[in-house]
Amino acid sequence: MKEEKENNAQHFLDLIQKSRKGKFKVYIGMSAGVGKTFRMLQEAHSLLKNGIDVKIGYIETHLRKETHELLFGLPVIPRRTIFYKGKELEELDVQAIINLRPEVVIVDELAHTNVEGSKNEKRWQDVLEILEAGINVISAVNIQHIESLNEDVKRITGIDVQERIPDNVLRLADEVVNIDLTAEDLIARLKEGKIYTADKIQTALTNFFKSDQILQLRELALKEVASQVVRKVENEVPQLNALKHEKLLACISSNDKTAKIVIRKAARLASYYNGIWYVLYVETPNESSTKIALDKQRHLINNFKLAVQLGAEVIKTEHQNITDAILMTVEEKQITTVCIGKPHLNLFKVILSTTIFRRLLNKLSLSNVDLVILS
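Here the structure is a predicted model, which is why all the values come from computation and not from measurement.

Basis of the calculations
- Residues numbered from 1 in each chain as written.
- Predicted model: local features only at pLDDT ≥ 70, side-chain atom pairs only at ≥ 80, totals over all residues.
- Heavy atoms only, no water.
- Helix = DSSP H or I, 4+ residues; strand = E, 2+ residues; numbered from the N terminus.
- Buried < 20%, exposed > 50% of the residue type's maximum accessible area, 1.4 Å probe, protein only.
- Contact = heavy atoms within 4.5 Å.
- Areas by Shrake-Rupley, 256 points an atom, 1.4 Å probe, with all protein chains shown as cover.
- Pairing = 2+ DSSP bridges.
- Axes fitted to C-alpha atoms, helices over the stretch in contact; angles between N-to-C directions.
- Arc of directions from axis to C-beta.
- Parallel < 35°, antiparallel > 145°, perpendicular 65-115°, else oblique.
- Nonpolar A, V, L, I, M, F, W, Y, C, P; charged D, E, K, R; others polar.
- Expected span 1.5 Å × (residues − 1).
- Polar contact = N/O pair within 3.5 Å; in protein donor to acceptor, adjacent residues only side chain to side chain.
- Lys, Arg positive; Asp, Glu negative; His and termini not counted.
- Salt bridge = Lys/Arg side-chain N within 4 Å of Asp/Glu carboxyl O.
- Disulfide = S-S within 2.5 Å.

Chemist: Got a minute to help me understand the overall build of the protein chain in this structure?
Modeler: Along the backbone of the protein chain there are 15 helices and 12 strands. Residue burial in the protein chain is summarised as follows: out of 375 residues, 45% are buried. Considering only contacts in the protein chain between residues 6 or more positions apart, those separated by 24 or more positions represent 73%. Summed over its atoms, the accessible surface of the protein chain is roughly 20,900 Å², and 53% of this surface lies on carbon and sulfur atoms.

Chemist: What am I meant to see in the sheet that holds strand E1 (residues 24-29) here?
Modeler: Sheet strands associate in pairs through backbone hydrogen bonding, adopting either a parallel or an antiparallel arrangement. Reading across the sheet, the five strands line up as E2-E5-E6-E1-E7 and stay open at both edges, with parallel pairing between neighbours. Either end of the sheet is taken by a strand with one partner, and the two such strands are strand E2 (54-58) and strand E7 (175-179). The sheet shows a mean angle of 20° between the axes of neighbouring strands, taken without regard to direction. Pairing of E1 with E7, which is carried by five bridges, proceeds in the parallel orientation. Residue pairing for E7: Tyr-27 is matched across the bridge by Val-177. Strand contacts of helix H2 (residues 36-49): E1, E2, strand E5 (104-107), strand E6 (136-142) and E7, with the helix running at about 165° to E6, the strand carrying the most contacts.

Chemist: How should I be thinking about helix H5 (residues 123-132) in this particular structure?
Modeler: The periodicity of an α-helix, 3.6 residues per turn, causes residues three or four positions apart to be oriented the same way. Of all the positions in H5, only Arg-123, Trp-124, Asp-126, Val-127, Ile-130 and Leu-131 are classed as buried. Along the axis of H5, the buried residues cluster in a sector spanning 150°; they form a single face. In the stretch just after H5, Gly-134 is the one whose phi turns positive, near 85°.

Chemist: How should I be thinking about the packing of helix H8 (residues 183-191) against helix H9 (residues 198-206) in this particular structure?
Modeler: Helix packing geometry: the angle between the two helix axes and the distance between the axes. Here H8 crosses H9 at 155°, and the two axes come no closer than 9 Å. Considering their axes alone, H8 and H9 lie roughly antiparallel with respect to each other. Residue-level inspection shows Ile-187, Leu-190 and Lys-191 of H8 in contact with H9, the latter providing Ile-201, Ala-204 and Leu-205. A per-class count over the contact of H8 with H9 returns five nonpolar, no polar and one charged.

Chemist: Any chance you could explain the sheet that holds strand E11 (residues 337-341) here in plain terms?
Modeler: Reading across the sheet, the five strands line up as E10-E9-E8-E11-E12 and stay open at both edges, with parallel pairing between neighbours. Edge positions in the sheet fall to strand E10 (313-318) and strand E12 (370-374), since each of these pairs with one other strand and no more. The average angle at which neighbouring strand axes cross in this sheet is 25°, direction not considered. Sheet topology places strand E8 (residues 247-252) next to E11; three bridges connect them, and they run parallel. Its bridge partner lying in E11, Leu-248 is registered against Thr-337.

Chemist: Explanation requested: the environment of Asp-180 in the structure shown.
Modeler: The topology assignment puts Asp-180 in the loop between E7 and H8. Sequence separation between Asp-180 and Gly-29 is 151 residues, and the spatial gap between their C-alpha atoms is 6.6 Å. In contact with Asp-180, not counting residues within four places along its chain, are Arg-218 and Leu-222.

Chemist: How do you make sense of helix H14 (residues 322-333) when you look at a structure like this?
Modeler: If you check H14, its first and last C-alpha atoms are 16 Å apart, about what 12 residues at 1.5 Å a residue would give, namely 16 Å. Where H14 is concerned, the buried positions are Thr-323, Ala-325, Ile-326, Leu-327, Thr-329, Val-330 and Lys-333. For H14, the N-terminal cap is Asn-321; the gap from its side-chain oxygen to the backbone nitrogen of Thr-323 is 3.0 Å. A positive phi of about 55° marks Gln-334, the residue just after H14.

Chemist: How should I be thinking about the side chain of Lys-36 in this particular structure?
Modeler: Tracing the chain through its elements places Lys-36 in helix H2. One buried charged residue, Lys-36, forms no salt bridge at all, with the nearest opposite charge on Asp-108 at 6.7 Å. Looking at Lys-36, its side chain comes within polar contact range of the side chain of Asn-142, at 2.6 Å. Among residues more than four places away in sequence, those in contact with Lys-36 are Tyr-27, Ile-28, Gly-29, Ser-31, Ala-140, Val-141, Asn-142 and Ile-179.

Chemist: Teacher, can you tell me more about the pattern of salt bridges here?
Modeler: Any two side chains of opposite charge can pair if their charged atoms end up close together. In the structure shown here, the tally under the stated rule is 23 salt bridges. The residue Arg-264 makes a salt bridge to Glu-151 at a minimum N-O spacing of 3.1 Å. In this pair, Arg-264 is assigned in helix H12 (residues 256-273) and Glu-151 in helix H6 (residues 150-157), connecting sequence segments 113 residues apart. Under the relative-accessibility criterion, Glu-151 is labelled partly exposed at 24%. Taking the shortest distance from any N to any O, the salt bridge between Arg-268 and Asp-167 comes out at 3.4 Å. Placement of Arg-268 in helix H12 and of Asp-167 in helix H7 (residues 167-171) is noted, with a sequence separation of 101 residues between them. Look at the salt bridges and you will find they share partners, linking Glu-147, Glu-151, Lys-154, Asp-160, Arg-164 and Arg-264 into a network.

Chemist: Which parts of the structure should I look at to understand the state of the cysteines?
Modeler: What makes a disulfide is a covalent bond joining the sulfur atoms belonging to two cysteines. Within this structure, the stated rule accounts for zero disulfides. The structure places no disulfide on Cys-251, whose sulfur is separated from the nearest cysteine sulfur, that of Cys-339, by 7.9 Å. Judged by its relative accessible area of 11%, Cys-251 falls in the buried class. Cys-339 gets classed as buried once you look at its relative accessible area, which sits at 0%.

So, in structure tokens, the structure goes:
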């Protein structure tokens, strides 16, 4: 009875704190130049006309004429100046925004990495701080900056995007709007000089702005926004939420590359099913802290951090038998889907491990648990 009262009190406290936070709107696009910043500035003018106290916290116009012109008439909060390695650089002034307390602040480039010495390492952390202060934020990000899509983006573009935001930042958004353009329209904008200056157009056309790449990135953006809408509906309609019982378990080893793939793909699955998910690492006697290589230890820690950033609960357990450890975790956490990486085994190892794999498969099928092999 006491525990029930405490849970009810905590639930009410959570509702109060949620109502005090600012609302968060994110414009998402498949690439630079689709018009995210332009749309944010248009919205700022519309809000201002309707008597809303809106201010520009940080906008990057990239010297695009039509975008830059929209800044006129909008109140701008001066940026914070930082001296770094002999250069004068500008960053978002979080404290000035919190002190001024506008109703709405526009903050561009959500995935931006702040200059060394800033309070927060990333701009998305600045935005969370502003939201906690009860200020509404409108921001923007490109699809290639979403953490769990990193491998997909690399496969499509050949580029390993370094500036990324955790998926759960996007999930915190009250509204996600996709700024959509056809590949033809985007390439036409590029050729007209509306995205980059003339000296950069040809390089952009031969590298990032290829029609097939744009189409694939566009598909990723559309899918992401669609899944956000599904999650919002399921979270806000109690009957639908009650039907959802998906719990995923991503099993990783000390193999850094495979672990990253499993974590990111499991995060996408969990996001798609709006499910709870866990990352399990079983430390066998061969991989105890005294035997495992230091670089593998470092990679493991980084992968645990990645999993947490993407919304997982990390489970690290010591066991002589990996299959037994997985099955115990499946039972304890009431897992519905187990995700494992595609094994990189030679024929001899395949023969030896077949019985282990078959045992895992048989046990899971008896428990009505799905097994997904992520390649």
